[in-house]
Structures are given as C-alpha cells and as structure tokens.
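Listed below, chain by chain, are the residues.
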Amino acid sequence: MKCSAPIVLAAIPAVGAFETYPDCPTLVGDVTVKAADIFPESAEFALSNCKFYIGSLNNGSLIEHDPYTSVTREIKLPEVSHNEDYFICGVDFSYASGTIYVAASARYPWWPTIGANLTGPNRIIQYSPITDSIVWSANIDDVISAEVEKTGSPFAGFQDMAEDRDGNAYFIGTFGNIIVKVDPKGQATKFYTPEPVNDKSYGFGGLFVTLDNVLVLGDGVSDGFVRFDLSSSTPARPSFTTPKGHPEDFEEILECDSLTAPRRYNDKVALCSNVLDRKFSKHGMITVYTSDDGWTTSEFVGMIVNDFGQWPDVWSTAQFATADRVYALSSSLPYDDSGFPHTKSTTLVDITDRVDKLVPKFVPADAQHAHEEL
Ligand SMILES: *[C@@H]1O[C@H](CO)[C@@H](O)[C@H](O)[C@H]1NC(C)=O
Ligand SMILES: *[C@@H]1O[C@H](CO)[C@@H](O)[C@H](O)[C@H]1NC(C)=O
C-alpha cells in the first residue's frame, strides 16, 4: 500500500499527562468571542495553556481566544486556510500530549448538500498550544483510496477525532463509518471499517476516549454507542449498545454532530449535539446520556434545547469542557439557507447548571456544596 508521509513541521510533543493538568484560573459563565464571521463548527479548551480553540469552518483556520484577556487571533493552517477544498470540522484537545487536533474535511461531502458528493481531500493536523506551532499535517487520502478500492464503498465526512492515552488519534469518516488511526508522529493507517460495509447514511458523528482508554462513538446507523476497548487484546473489535429511555417518538438517536464526555462527570455523562432533529426544537438540541459501567450500557436522561438567544440560525454543533465546566458552542451556520450568515461574535454558552440538573447523581460532591451555598 502506498502511504504518504505526514508533513512534520515541529518537534513531536511528548506523550504523558493523560490524567492531570495544573489548574487554569476559575472560569464560569458565557464567553463572547469577538471575531467576525468565525462560522464555528467545533471548539475546545486547552488545559495546557488555558485558552479556547475554535474551528473556523469556512475560513479553514483555528481561532484562539484567551478568556482571561479577551485577546483573539487567527492561526492559519498551511495549505488549508482560505482553501475552498476544505471545511474545518472537529477540534479536539488531546490529554495525552496537551495539543490540539484539527479535522480538515473535504468540503463537498457537506456542501451544498450533506452526503451528496463523497469526494475530496482530508487531513488531520496537530497544533501545539505550548510552542504555538503546527506539529504535523497528515494527508489521509492514500489510506482512504486503498479502502475504497478494497471495499467498493465511499468513505467521507472526516469531521472529528479523539485521542487515546498513547497519543494516537482516531479520525472518523461519517459516511461509511471508517476509523483512521493516526499515531503521534502523524502516520495514518486504517483502524476499522464495518463488515459488511455500511450504506452511505450518516453514521459516526462524534467520539471520545475515557480515562480507562475506551473509545466511545455515537452512531446514527446502529442508533447507539459503539465501543472499542483500546487496551484489550482486540482493540479494533467493537461492541454495540443502544441506550435505554428515549421518548417513543424520538427518531434520530445518536445522530450527533459531536459527542463529548466532560471531565466534570468522570466519563459518566455524554452530550450529543443533535442538530438535524427539528421535532423538539427549531434549532436542534443537545441530548444527554449517562453510563455507570464504562458505556457498556447507557441511558438517555434528557435534552437541552438550543434556545441560547442568538436567533436566527444559531445551532450548537459542539459541546466541550474545561476542567470543571461544560460549554456549548453557538454556531451560526447556513443550515437552512444558502449563504454564510454574517456575524460579529460567537458565544460559548456555559451549560453546566443545565446539565447538572439532568444528571444529579454524577455532579461532583464539591460542586454540589457550591450549589447549596449559593
Ligand atoms: C473569515 O474570513 C472572512 C473573509 O475572508 C473575513 O472577513 C473574516 O474576518 C474571517 N474571520 C475570522 C474569524 O478569521
Ligand atoms: C464533487 O466534488 C468534487 C471535488 O471533490 C468536484 O470536483 C466535483 O465537480 C463534484 N461533483 C459534483 C457532481 O458536484
């Protein structure tokens, strides 16, 4: 198999701090990022330097925001920024290396019609907040072409990733449900494809890795969670489980734009951004799940509708966490009309209290005290 080498631009960061980071200064409440036309699709908080990183979908860049000084700047991604072949989709903080991973997905699988044209280039990029440098940019197209040839199925929609404790990234293709594994040096290989191959419908939409090194994905094809125990002797063999407790008229089960398990709840709570289901709310919602057994079984416990007050055309395509809070990105994106809306700012909405109310059993004891004292 032909294999393109990643373009390595800076020293590969050491892998280590999976469990802990020194505390960032306290941060509570909404954060407004004043930058025009971000078109944000995903965001993260880097515990390694206490700054937010927001993917600028249509501009192909990363926007850095320091919530303590309100300084915002654009980080350009080589060959990707302001290149119309790409959309910046997922942004992820890797606990193992303290770095930020960015999914530069081909634009056409998403635009102008979702799932219609499953072609185009895809890259995954590692950025180090500590050294302010692009570590590498890995083109995964040779890995994908080989799989397309082997299976006859298209694989596209590379919109998100999660990283394990050894610093490997798992990069998902939503159409075809492929997982590409990218090692800490940026070398990509196939990790998983379904057997038999899936149809072209919307499958893996978001993922996270637990502290126990279990990879958990939200899957719109099997309507459930897919789980890979990365430390087992068969790391690439999945198990499938459907959460209990959805309302009867609920259709788009785990059809997520992103899936996250905030550290606040010790991997026992997952949030799925369900942008496409308009039955319960005009602008979609965030569905909330809990698990007490490492996502072997799980339960739907409720939803947070997107009524964040930034109407019209504001969705929440991603949720993400600081060490102790939970945020929802408010995303002004052209889901229903044809153009990109002009915006002056983007709000990161603090939804911690709303999530806490749905999962009282999993709220950390010290946070419960803080609630009582208020
Ligand atoms: C995005 O690109 C547009 C057009 O080039 C520019 O006006 C805008 O300032 C950019 N926004 C950000 C946040 O980089
Ligand atoms: C599909 O996308 C490719 C770019 O990846 C483009 O060259 C081609 O024209 C598109 N096809 C259609 C039918 O729009």
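Structure: see above.
Residues numbered from 1 in each chain as written. Chains lettered and ligands numbered in written order. Predicted model: local features only at pLDDT ≥ 70, side-chain atom pairs only at ≥ 80, totals over all residues. Heavy atoms only, no water.

Engineer: Mind laying out the sheet that holds strand 18 (residues 239-241), listing which residues take part and the relevant values?
Structural biologist: Read from one edge of the open sheet, four strands run 15-16-17-18, paired in antiparallel fashion. Every interior strand has two partners, whereas the edge strands, strand 15 (204-209) and strand 18, have only one. Averaged over neighbouring strand pairs, the angle between their axes works out to 25 degrees when direction is ignored. (Pairing = 2+ DSSP bridges. Helix = DSSP H or I, 4+ residues; strand = E, 2+ residues; numbered from the N terminus. Axes fitted to C-alpha atoms, helices over the stretch in contact; angles between N-to-C directions.)

Engineer: Residues and numbers for the pattern of salt bridges, please.
Structural biologist: Here the structure, examined in full by the defined rule, presents 12 salt bridges. One salt bridge connects R264 with D356, and the closest N-O pair in it is separated by 2.7 Å. Of this pair, R264 sits in the loop between strand 19 (259-260) and strand 20 (269-274) while D356 sits in helix 2 (residues 352-358), and the two are 92 residues apart along the sequence. Classification of R264 as buried rests on a relative accessible area of 8%. One salt bridge in this structure joins R354 and D307, with 3.2 Å as the shortest N-O distance. Of this pair, R354 sits in helix 2 while D307 sits in the loop between strand 22 (299-305) and strand 23 (314-315), and the two are 47 residues apart along the sequence. When salt bridges with common partners are traced through the structure, they connect K51, E64, R73 and D132 into a single cluster. (Salt bridge = Lys/Arg side-chain N within 4 Å of Asp/Glu carboxyl O. Buried < 20%, exposed > 50% of the residue type's maximum accessible area, 1.4 Å probe, protein only.)

Engineer: Report on the state of the cysteines, specifying residues and quantitative values.
Structural biologist: If you walk through the whole model with that rule in mind, you get two disulfides. Sulfur-sulfur distance for the disulfide between C256 and C272 comes to 2.3 Å. On the S-S bond that ties C256 to C272, the torsion sits near -110 degrees, and the link is left-handed. Of the two residues, C256 sits in the loop between strand 18 and strand 19 while C272 sits in strand 20, which places them 16 residues apart along the sequence. With relative accessibility at 0%, the residue C256 sits in the buried group. Along the protein, the cysteines that take part in disulfide bonds pair up as 1-2, 3-4, counted in sequence order. Note on C89: no disulfide assigned, nearest cysteine sulfur contributed by C256 at a separation of 15 Å. Residue classification places C89 among the buried residues on the basis of a relative accessible area of 3%. (Disulfide = S-S within 2.5 Å.)

Engineer: Break down the environment of H82 for me, with residues and values.
Structural biologist: Relative to the helices and strands, H82 is located in the loop between strand 6 (72-75) and strand 7 (86-94). Expressed as a C-alpha distance, the spacing of H82 and L57, which sit 25 residues apart in the sequence, is 9.9 Å. Once you skip the residues sitting within four places of it in the chain, H82 turns out to touch N59, G60, S61, E74 and K76. Among the polar contacts made by the side chain of H82, one reaches the side chain of E74 at a distance of 3.1 Å. (Contact = heavy atoms within 4.5 Å. Polar contact = N/O pair within 3.5 Å; in protein donor to acceptor, adjacent residues only side chain to side chain.)

Engineer: Requested: an account of unusual backbone geometry, with residues and values cited.
Structural biologist: Omega for the peptide link from W111 to P112 comes to 0 degrees, which places this bond in the cis form. Tracing the sequence through the fold places P112 in the loop between strand 8 (99-106) and strand 9 (123-128). With an omega dihedral of -5 degrees, the bond running from E195 to P196 counts as a cis peptide bond. Mapped onto the elements, P196 comes out in the loop between strand 14 (188-192) and strand 15.

Engineer: Before we move on, could you go through the side chain of D267 and cite the residues and values that matter?
Structural biologist: Note on placement: D267 falls in the loop between strand 19 and strand 20. One buried charged residue, D267, remains without a salt bridge, the closest side chain of opposite sign being R263 at 4.9 Å. Among the polar contacts made by the side chain of D267, one reaches the main-chain amide nitrogen of L211 at a distance of 2.8 Å. Contact partners of D267, with chain neighbours within four places excluded, come to T210, L211, A261, P262 and W295. (Lys, Arg positive; Asp, Glu negative; His and termini not counted.)

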